[in-house]
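Report on the structure
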Amino acid sequence: MTQNQGTALITGASAGIGAVYADRLARRGYDLVLVARDETKLNALASRLRGETSATIEVLPADLANANDTRKVATRLQADDITMLVNNAGTAIAGPTIDMDPERLEAMIQLNVTVATRLAQAVAPGLAQRRRGDIVNIASVAGIRGDQPAISVGYSATKAYLLAFSEGLDSELAPYGVRVQAVLPGATRTELWAKGGIDINTLPQEVVMETGDMVDAALAGLDQGERVTIPALPDIADWLAFKTTRAALGPNLSHRLPAERYGVAKSDETLLSKAS
Ligand SMILES: NC(=O)c1ccc[n+]([C@@H]2O[C@H](COP(=O)([O-])OP(=O)(O)OC[C@H]3O[C@@H](n4cnc5c(N)ncnc54)[C@H](OP(=O)(O)O)[C@@H]3O)[C@@H](O)[C@H]2O)c1
């Protein structure tokens, strides 16, 4: 029998990646709290998983664009049974920034960035106190390719935020035994693309991963202790090399004087003669 792993709360569990997380985590011995707007879909998933697993499954319908609903989810995350948050709900608005409806752009940033941060912050103290648990943030490879956005610049930037937030929060929570994993899927076959106005079948099919494979790889990455999981990346050494290059910039990112190439740096002598 699978050992009970506590309760995982999954946002955006009614479809796509979130629904597959629900399936896999129920089979791994987690009880579940399923969050999304579509209560009918959540109930259908919950009753299937109750039939196929021994998981206790709670349906918590919430529109995370709504502050009261978000507060309700944050409160649920503060209960003692929670051992995992899968911060998955997200949207993708496609197209050039200058053509975008500003309200939709803002709503995407709100859901992908602000709500994800708020929920992680809500769950973290309890996990830290109990010295156990995982926060899984579904970012995207778009977050490291803001220069070449497949969907939109704004979408890529929300995912860059989530990656940076995950890496930093992992450092903060590591001393408490709490893991924070950023998952960076490439193109994954879900409804997200159609909702954003892109036909996924127009992408070269060799770059599109099936949702089950993506989630299985992400969970395997977590099992292996990865804090950043890029399911499609053949060699993790490539990501580690990127991190090493980024870290090497460190000693040169903050100096008293601007770099010489700008031709504006005052020498110490000039500064001293002005002061006297
Ligand atoms: N598919 C990809 O290629 C891909 C690649 C990289 C990263 N991702 C990321 O993966 C995550 C999941 O996306 P997906 O591909 O599985 O998309 P999806 O099939 O469209 O699922 C999105 C989920 O988010 C929920 N959601 C959307 N707006 C919500 C709101 N206001 N309140 C509560 N729930 C809301 C949806 O449920 P309701 O409509 O029922 O509310 C749905 O369950 C996203 O963060 C996405 O950015 C996807």
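Here we summarise the structure given alongside this text. Model, not experiment: these values are computed from the prediction.

The rules behind these values
Residues numbered from 1 in each chain as written. Predicted model: local features only at pLDDT ≥ 70, side-chain atom pairs only at ≥ 80, totals over all residues. Heavy atoms only, no water. Helix = DSSP H or I, 4+ residues; strand = E, 2+ residues; numbered from the N terminus. Buried < 20%, exposed > 50% of the residue type's maximum accessible area, 1.4 Å probe, protein only. Contact = heavy atoms within 4.5 Å. Areas by Shrake-Rupley, 256 points an atom, 1.4 Å probe, with all protein chains shown as cover. Axes fitted to C-alpha atoms, helices over the stretch in contact; angles between N-to-C directions. Parallel < 35°, antiparallel > 145°, perpendicular 65-115°, else oblique. Left-handed = near helix turned anticlockwise from the far one by under 90°. Salt bridge = Lys/Arg side-chain N within 4 Å of Asp/Glu carboxyl O. Near = heavy atom within 4 Å. Polar contact = N/O pair within 3.5 Å; in protein donor to acceptor, adjacent residues only side chain to side chain. Core = buried A, V, L, I, M, F, W, Y, C linked by side-chain atoms within 4.5 Å. Pairing = 2+ DSSP bridges.

Across its full length, the protein chain holds nine helices and seven strands. In terms of principal-axis extent, the alpha carbons of the protein chain reach across some 80 × 45 × 40 Å. Expressed as a percentage of its 276 residues, the buried residues of the protein chain come to 43%. Long-range contacts, defined here as pairs at least 24 residues apart, represent 67% of the contacts in the protein chain between residues at least 6 apart. A total of about 14500 Å² of accessible surface is found on the protein chain, and carbon and sulfur atoms cover 54% of it.

Where helix α3 (residues 67–77) contacts helix α4 (residues 102–130), the two axes come as close as 8 Å, and the packing angle between them is 30°. Judged by the angle between their axes, α3 and α4 are roughly parallel. The two elements α3 and α4 cross, and the hand of that crossing is right-handed. Here α3 contributes Thr-70, Arg-71, Val-73, Ala-74 and Leu-77 to the contact with α4, which in turn contributes Val-115, Arg-118, Leu-119, Ala-122 and Val-123.

This part is about the pattern of salt bridges. According to the stated counting rule, one finds 17 salt bridges in the structure shown. Linking Asp-223 and Arg-28 is a salt bridge whose minimum nitrogen-to-oxygen distance equals 2.9 Å. In this pair, Asp-223 sits in helix α7 (residues 211–223) while Arg-28 sits in the loop between α1 (16–27) and β2 (31–36), placing the two residues 195 residues apart along the sequence. Measuring nitrogen to oxygen at the nearest pair gives 3.0 Å for the salt bridge that ties Asp-170 to Arg-227. Taken together, the residues Asp-170 in helix α5 (residues 153–173) and Arg-227 in the loop between α7 and β7 (228–229) connect sequence positions 57 residues apart.

The local shell around the ligand holds 31 residues, among which Arg-37, Tyr-155, Thr-188, Thr-190 and Lys-195 are the closest. Asp-38 places a polar main-chain atom, nitrogen or oxygen, 2.9 Å from an oxygen atom of the ligand. Here an oxygen atom of the ligand sits 2.7 Å away from a polar atom, N or O, in the main chain of Thr-188. If the ligand stood free it would expose 890 Å²; the protein chains cover 95% of that surface. When residues of the shell around the ligand are traced back to their parent elements, those giving at least two are α1, α5 and α6 (192–195).

This brings us to the nonpolar core. Formed by 30 residues in total, the largest nonpolar core has its most connected members in Ile-10, Tyr-21, Leu-25, Leu-32 and Leu-34. Elements that contribute at least two residues to this core include exactly β1 (7–11), α1, β2, α2 (39–52), β4 (82–87), β5 (133–138) and α7. The leading source of residues in this core is α1, at seven residues. In contact with Leu-25, other than residues within four places in its own chain, are Ala-8, Ile-10, Tyr-30, Leu-32, Met-84, Val-86 and Leu-219.

Further remarks concern the sheet that holds strand β6 (residues 178–183). In any sheet, the strands associate via hydrogen bonds between backbone groups, in a parallel or an antiparallel arrangement. Read across the sheet, seven strands follow the order β3-β2-β1-β4-β5-β6-β7 without closing on themselves; strand pairing throughout is parallel. The strands lining the two open edges of the sheet, one partner per strand, are β3 (57–61) and β7. As paired elements, β1 and β2 share five bridges and run parallel to each other. Residue Ala-8 lies in a different strand from β2, and its bridge partner there is Leu-32.

With that out of the way, let us pick up the environment of Gln-110. Along the chain, Gln-110 turns up in helix α4. When its relative accessible area of 35% is taken as the criterion, Gln-110 is described as partly exposed.

Moving on, we get to the side chain of Thr-53. Note on placement: Thr-53 falls in the loop between α2 and β3. A distance of 2.7 Å separates a polar side-chain atom of Thr-53 from the backbone oxygen of Leu-49. A polar contact of 3.2 Å, which involves the side chain of Thr-53, links it to the backbone nitrogen of Ala-55. Once residues within four sequence positions are removed from consideration, Thr-53 is found in contact with Ala-26 and Arg-27.

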